[in-house]
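Chain residues, written in single-letter form:
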Amino acid sequence: MKDKEMLMNCQQKKTGVSRRTFLKTLTGTAAGIGFSQMFNPAFVSALEKALETHPVLWVQGQGCTGCSVSLLNSVDPSIADVLLKVISLQFHPTVMASEGETALENLYHIAEKYKGKFSLAVEGAIPMAANGKYCVVGELDHKEITMVDIVKDLGAKAGSVLSVGTCAAYGGIPAAKGNQTEAVGVMDFFKLYDIKTPVVNIPGCPSHPDWIVGSIAHLLTKGIPELDDDGRPVIFFGENIHDNCSHVEEYDEGIMSAGLSDAKGCRMDLGCKGPDTYADCYKRKWNSGLNWCVDNSVCIGCVEPGFPDASSPFYEPA
Ligand code: FSX
Ligand code: SF4
Ligand code: SF4
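These remarks concern the structure in this document. Keep in mind that this is a model prediction, so the values were computed, not measured.

## What about empty space enclosed by the protein?
Next, step 1: The tally for this structure, following the rule as stated, stands at 1 cavity of 30 Å³ or more.
Next, step 2: Taken as a whole, the largest cavity holds about 80 Å³ of empty space.
Next, step 3: As for the largest cavity, its lining consists of H242, C245, H247, V248, Y251, C266, R267, M268, C272, G274, P275 and V294.
Next, step 4: When grouped by side-chain class, the residues that make up the lining of the largest cavity number 8 nonpolar, 3 polar and 1 charged.

This is the structure:
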């Protein structure tokens, strides 16, 4: 009953809001991610100012759009408010009205105008095989523009790059065993082309909306957040899932779940990869704070560089 009420509240809240209300909500969200300065009105003013000078250009390569959908499903206020008012998103293939050559021209135009300042958000991996032809994004002057072309050109011009999702960060599912398209993540791609633009990895398959919005807000107001050895913000990916899991005492006592519908017990025998996974899902939760993977299933380590091969088979012990 309690869950049902919470779900209804979440649904009722899915309405448009003013920019001011959104920014207030963001400060509330920020409280959960530990940015004490976000309570300060100066933060709101800094963010508003940054929006005018630091647009975000969001490009999609070899992925499932799951990270965009994650934002769409889980963030209150609406995706439109997040993408247009907070992130100052000026290009996003899924939500923008513009299309075709006009859209691509605009993408390159904004990148030139805000050279060295804009953030490039990359969703999906970059397929390198066949000169990048596995992911043709569009055409300019009758020439095919591939994801390789876009990340090479715009990545070098950007002030920073956000690799949204495990595919963009580390290759993820497209780079799994077999990898016919020779998919790579942004950091590996930048090494190949000697591009020095700073990269913030926001993995997760998909990435949590708070991780995306929080990282961008940090970037716009305070610069690059502190990153771990895998290029992820420590504020979101600094803690071990297993050490903080609500089942860890049962694990210590050897009480194990017999099946996925079993509410009691640690889920290690069912394939839980929590001990090898670093993220704050255990306290942030998913689906507007309703639940997280370990409640109904297992952690499959979706934020880790080796995902999915290192976690496979998902439902067998490591
Ligand atoms: Fe990959 Fe994402 Fe998984 Fe999908 O950025 S991270 S397959 S949820 O959409 O590309
Ligand atoms: Fe660790 Fe997973 Fe067991 Fe939780 S369910 S205690 S994360 S192994
Ligand atoms: Fe990914 Fe594990 Fe978090 Fe689930 S609990 S989102 S599988 S890191």
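## Observations concerning the site of ligand 3
Next, step 1: In the neighbourhood of ligand 3, the contacting residues comprise I241, T277, C281, W286, W292, C293, C299, I300, G301, C302 and V303.
Next, step 2: Of the residues that constitute the shell around ligand 3, the class distribution is 9 nonpolar, 2 polar and no charged.

## What to know about the side chain of S257
Next, step 1: Looking at the element boundaries, S257 is found in the loop between α13 (248-253) and α14 (281-284).
Next, step 2: Here the side chain of S257 touches K264 through a polar contact of 2.8 Å, landing on its backbone oxygen.
Next, step 3: A polar side-chain atom of S257 sits 3.0 Å from the main-chain carbonyl oxygen of G265.

## Description of the packing of helix α6 (residues 100-113) against helix α7 (residues 147-157)
Next, step 1: Contact geometry for α6 and α7: axes closest at 9 Å, N-to-C directions at 25°. In this view, α6 runs roughly parallel relative to α7, as classed from their interaxial angle. The handedness of the crossing between α6 and α7 comes out as left-handed. Counted together, L104, L107, Y108, A111 and E112 of α6 and D149, I150, D153, L154 and K157 of α7 form the full contact between these two elements.
Next, step 2: Taken together, the residues of the contact of α6 with α7 sort by class into 6 nonpolar, no polar and 4 charged.

## Considerations on the environment of Y114
Next, step 1: Counting through the fold element by element, Y114 comes out in the loop between α6 and β3 (119-123).
Next, step 2: Considered as a pair, Y114 and A158 are 44 residues apart in the sequence and their alpha carbons are 8.1 Å apart.
Next, step 3: In this view, Y114 contacts E52, T53 and P55; residues no more than four positions away in its chain are not counted.

## What about helix α10 (residues 209-222)?
Next, step 1: Between its terminal C-alpha atoms α10 stretches 19 Å, which fits the 20 Å expected from 14 residues at 1.5 Å a residue.
Next, step 2: Across the 14 residues that make up α10, a large majority, 11, are buried.
Next, step 3: Those residues of α10 that sit buried are P209, W211, I212, V213, G214, S215, I216, A217, H218, L219 and L220.
Next, step 4: G223 occupies a position one or two residues after α10 and carries a positive phi of about 90°.

## Observations concerning the site of ligand 1
Next, step 1: Around ligand 1, the surrounding shell holds 14 residues, and the nearest of these are C64, G66, C67, C167 and C205.
Next, step 2: Within the backbone of C67, an N or O atom sits 3.3 Å from an oxygen atom of ligand 1.
Next, step 3: In this structure, V164 approaches ligand 1 through a main-chain N or O atom, which is 3.1 Å from an oxygen atom.
Next, step 4: Split by residue class, the shell around ligand 1 holds 6 nonpolar, 7 polar and 1 charged.

## Considering the nonpolar core
Next, step 1: Ranked by internal contacts, the top residues of the largest apolar core, which has 35 residues, are L162, W211 and W292.
Next, step 2: When contributions to this core are tallied by element, the ones reaching two or more residues are β1 (56-60), α4 (66-74), β7 (160-164), β9 (199-202), α10, α11 (234-237) and α14.
Next, step 3: If you tally residues by element for this core, the top one is α10, at 6 residues.
Next, step 4: Apart from the residues lying within four places of it in its own chain, the contact partners of W292 are I241, C245, C281, Y282, K285 and W286.
Next, step 5: Counting residues in hydrophobic clusters, the runner-up holds 32 residues, among them L107, Y108, L140 and V186.

## Focus: the sheet that holds β9
Next, step 1: Pairing in this open sheet of 5 strands is parallel, and the strands run β2-β1-β3-β7-β9 from one edge to the other. A strand with exactly one partner marks an edge of an open sheet, and here the two such strands are β2 (89-91) and β9. With strand direction ignored, the average angle separating the axes of adjacent strands in the sheet is 25°.
Next, step 2: One ladder, built from 5 bridges, connects β3 with β7; its direction is parallel. From the neighbouring strand, L120 faces β7, where its bridge partner is V161.
Next, step 3: Across the sheet, α6 touches β1 and β2, and the angle it forms with β2 is around 130°.
Next, step 4: Sheet contacts for α10: β1, β3, β7 and β9; angle to β7, the most-contacted strand, approximately 170°.

## Side note on the side chain of S119
Next, step 1: Relative to the helices and strands, S119 is located in strand β3.
Next, step 2: In this structure the side chain of S119 is engaged in a polar contact, spanning 2.8 Å, whose partner is the side chain of S160.
Next, step 3: In contact with S119, not counting residues within four places along its chain, are P55, V56, L57, S160, L162 and L219.

About the cut-offs
Residues numbered from 1 in each chain as written. Chains lettered and ligands numbered in written order. Predicted model: local features only at pLDDT ≥ 70, side-chain atom pairs only at ≥ 80, totals over all residues. Heavy atoms only, no water. 1 Å grid on protein atoms, 1.4 Å probe; cavity = no way out; pocket = protein on both sides within 12 Å on 5 of 7 lines; lining within 4 Å. Points joined across faces, edges and corners; volume = space filled by probe spheres on them. Nonpolar A, V, L, I, M, F, W, Y, C, P; charged D, E, K, R; others polar. Near = heavy atom within 4 Å. Helix = DSSP H or I, 4+ residues; strand = E, 2+ residues; numbered from the N terminus. Polar contact = N/O pair within 3.5 Å; in protein donor to acceptor, adjacent residues only side chain to side chain. Axes fitted to C-alpha atoms, helices over the stretch in contact; angles between N-to-C directions. Parallel < 35°, antiparallel > 145°, perpendicular 65-115°, else oblique. Left-handed = near helix turned anticlockwise from the far one by under 90°. Contact = heavy atoms within 4.5 Å. Expected span 1.5 Å × (residues − 1). Buried < 20%, exposed > 50% of the residue type's maximum accessible area, 1.4 Å probe, protein only. Core = buried A, V, L, I, M, F, W, Y, C linked by side-chain atoms within 4.5 Å. Pairing = 2+ DSSP bridges.

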